[in-house]
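# Residue-level structure breakdown
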Amino acid sequence: MTSRLFNILLLFALFGIGMWFFGNLYEGIVIAPNMLNDTATRMEHWQKFFVVTNPVFFYVPVPQLATVVLLILFFKSDKQKPVLRHYLKLASIFQVASLILSVYIITQINFKLFFGDLNKYSGQLSSLALLWNALNVIRVLLVAAVLTFTFKAYLQTQKSGID
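Residues numbered from 1 in each chain as written. Predicted model: local features only at pLDDT ≥ 70, side-chain atom pairs only at ≥ 80, totals over all residues. Heavy atoms only, no water.

Moving on: the overall build of the chain. When helices and strands are tallied, the chain shows six helices and zero strands. Counted from the first residue to the last, the chain has its helices and strands arranged as α-α-α-α-α-α. Dimensions along the principal axes, computed over C-alpha positions, put the chain at roughly 60 × 30 × 20 Å. Working note: accessible area of the chain is about 9200 Å², and carbon and sulfur atoms make up 68% of it. For the chain, the distance from the average site of its 13 positive side-chain charges to the average site of its 6 negative ones is 12 Å. (Helix = DSSP H or I, 4+ residues; strand = E, 2+ residues; numbered from the N terminus. Areas by Shrake-Rupley, 256 points an atom, 1.4 Å probe, with all protein chains shown as cover. Lys, Arg positive; Asp, Glu negative; His and termini not counted. Charge placed at Lys NZ, Arg CZ, Asp CG, Glu CD.)

This part takes up the packing of aromatic side chains. Using the criterion set out here, one finds 11 aromatic pairs in the structure. Judged by centre distance (4.8 Å) and plane angle (80°), the ring pair of F21 and F22 falls under edge-to-face. Classification of F21 as buried rests on a relative accessible area of 12%. Seen from their ring centres, F114 and W132 are 6.3 Å apart, and the 75° between their planes marks the pair as edge-to-face. With a gap of 18 residues between them, F114 in the loop between α5 (82-113) and α6 (125-160) and W132 in helix α6 connect regions that are remote in the sequence. Pair check on accessibility: F114 and W132 agree, each one buried. An aromatic cluster is defined as three or more aromatic residues linked by ring pairs; in this entry it consists of W46, F49, F50, F114, F115 and W132. A cation sits over an aromatic face here: R85 above F74, 4.6 Å from the ring centre. (Phe/Tyr/Trp six-rings, centres within 6.5 Å; stacked < 30°, edge-to-face > 60°. Buried < 20%, exposed > 50% of the residue type's maximum accessible area, 1.4 Å probe, protein only. Lys NZ or Arg CZ within 6 Å of the ring centre and 35° of its normal.)

Volume-wise, the largest pocket comes out at about 460 Å³. Around the largest pocket sit 24 residues that line it, and V56, Y59, I106, N110 and R139 are the ones nearest its centre. Contributing elements (two or more residues each) for the lining of the largest pocket: α1 (3-31), α3 (56-59), α4 (62-76), α5 and α6. A total of six residues in the lining of the largest pocket trace back to one element, the largest contributor, which is α5. Class assignment for the residues of the lining of the largest pocket results in 17 nonpolar, five polar and two charged. (1 Å grid on protein atoms, 1.4 Å probe; cavity = no way out; pocket = protein on both sides within 12 Å on 5 of 7 lines; lining within 4 Å. Points joined across faces, edges and corners; volume = space filled by probe spheres on them. Nonpolar A, V, L, I, M, F, W, Y, C, P; charged D, E, K, R; others polar.)

Treat this as a map of the structure, not an account of what it does.
Written out as structure tokens, the structure is:
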């Protein structure tokens, strides 16, 4: 892989991870705290509001493609560049951890809270909203680590080249 292609792919990964980070940060600061008060009413309004578009469109497929690219870059990176490989390895580990956490959040919380039958889950809505807020803090921190290490990897390629 040429250094130019490597850098383009690394910038794409940085963009996708940044997009995911700032989306989750926005949700964590602006949207999710509002779910903690009168959860059932707020979620009902949320479900009625999003009928044409959906926040899912923001999160799919760019961050997932960025993850694949990040993993490819780690495995394709030059073994003679240990600092670069170290940053890519850490970024990949934190990214996989954040994806695993996201799968849990989506399947166990989002499908019920944002897309589910609110009457069916009425007794769980407040605790689900609280759990979503807590787990999102962890997810934001994980993705912040990914963003940091990916950016450090990019800076490393600018310092020394990757050839």
